[in-house]
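This is what each chain is made of:
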Amino acid sequence: MPPSAAVAITLNQLRAFLASARLGTFSAAAAELRTTQPSVSELIKRMEQHYGVPLFTRGPRRLVLTAAGQELLPYAQQATEAADGADRALRSLTSLDGGVATFGLLRNADYYFLSELLETFHARHPRVRLRIVGLNSVEVAEAVTAGDLEAGLVVLPIDAEGLDVTPLMRDEVVYTSADPDRTARPVTMADLAKANLILYDAHYGWRDPTRRQLAERAQVEGVVLSAAIEVEHVESALHIVARGAGDTVVSRAVSRSRTFPDTLHTVGFAEPLYDTIAVVRRQGSVLSPATREITRLARRMLLAH
């Protein structure tokens, strides 16, 4: 009868076969596998009976592979190596002794002391590989939704369909100018609509969460906001503002940083505006131990500052 498709070769059978082929006897294979010689012999016998072919020629001194045994050999090696690799991968994930942490950071993460995050994590878990992507919050949210990242930090609001969102902290958004007269009193949306705005995150434009909040407020108040100049990075915008070409908006974390130009002045909005920083993950997902740990560290560092 042909072998039944319902019966599969087991890893134990393949390991017994490989040890016997390499060592030349069932007794030597049993010693290596920490079992008995009859057990190894029985595992091989079951394969031979199931497929109706001998795998070894039993010689007086050692076992010799038959043609069928030679055919099985490379597949047995591949199967056991794959199983051993899977075992190592899963064990490393559960012990934080390996694996990969995939995490997204908001673009201005350095202003929130999150550069220390990678240093701290790597010092504690040097065998875990880090894949940290610094993107605009829009793209972090999209990457987490798509499964390209396990989790990430974002500024709200984002399109949160399919995501679990956990707010962590708020940071005030302030108007920034080289002209102290423009920051003498809190700024309104009407003031912002008249300003010569230098805005960053040009690639994402008004999809950027901070800009999105401003646009929604402006719409409610019946005014329109537009940028005179758009650049990609906040540092570039601040450099242009410092030269008197226009004004911008930044978070308090940016305005309090050592790199913030001394010649610039800031003021809050008449109706205070905040960036809310949150951690996002896919709904129903289970984070790997490595990503769970880096998420925990990121939350702790943000809340500490």
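This structure is a prediction, so every number in the text was calculated from the model and none was measured.

What counts, and at which threshold
Residues numbered from 1 in each chain as written. Predicted model: local features only at pLDDT ≥ 70, side-chain atom pairs only at ≥ 80, totals over all residues. Heavy atoms only, no water. Helix = DSSP H or I, 4+ residues; strand = E, 2+ residues; numbered from the N terminus. Rg over C-alpha atoms; globule rule 2.2 N^0.38 Å. Buried < 20%, exposed > 50% of the residue type's maximum accessible area, 1.4 Å probe, protein only. Contact = heavy atoms within 4.5 Å. Patch = residues over 30% accessible without salt bridge, like charges linked within 9 Å, V, L, I, M, F, W, Y side chains within 5 Å. Areas by Shrake-Rupley, 256 points an atom, 1.4 Å probe, with all protein chains shown as cover. Salt bridge = Lys/Arg side-chain N within 4 Å of Asp/Glu carboxyl O. Expected span 1.5 Å × (residues − 1). Right-handed = clockwise from strand over helix to strand, strands pointing away. Pairing = 2+ DSSP bridges.

Trainee: Explain the overall build of the protein to me, and be specific about the residues and the numbers.
Mentor: Check the secondary structure of the protein and you find eleven helices and eleven strands. Taking 2.2 N^0.38 as the reference for a compact globule, 305 residues should give roughly 19 Å; the C-alpha atoms of the protein span a radius of gyration of 31 Å, well beyond that estimate. Overall, the C-alpha framework of the protein stretches about 100 × 40 × 30 Å when taken along its three principal axes. By the burial criterion, 44% of the 305 residues in the protein qualify as buried. For the protein, long-range pairs separated by at least 24 residues make up 75% of all intrachain contacts whose partners lie at least 6 apart in sequence.

Trainee: With reference to specific residues and values, describe a nonpolar patch on the surface.
Mentor: A surface patch of nonpolar side chains, amounting to about 220 Å² of accessible area, comprises Ile9, Tyr51 and Val53. Looking at the secondary structure, you find tyrosine 51 in helix α3 (residues 37–51). Accessibility expressed as a relative area gives 37% for tyrosine 51, which makes it partly exposed.

Trainee: Lay out helix α11 (residues 289–304) in plain terms, naming residues and giving numbers.
Mentor: Between the first and last C-alpha of α11 there are 22 Å, a value that for 16 residues agrees with the 22 Å anticipated at 1.5 Å per step. All of the buried residues in α11 are Pro289, Ala290, Thr291, Glu293, Ile294, Thr295, Leu297, Ala298, Met301 and Leu302.

Trainee: Explain the pairing of strand β3 (residues 100–106) to me, using residue names and the numbers behind them.
Mentor: Of all seven residues in β3, six are buried; the element is thus mostly enclosed. Tracing the backbone out of β3, into helix α5 (residues 115–124) and back to the parallel element strand β4 (residues 129–135) gives a crossover that is right-handed. The sheet contact formed by β3 and strand β5 (residues 151–156) spans two bridges and is parallel. Bridging across to β5, glycine 104 finds its partner in glycine 152.

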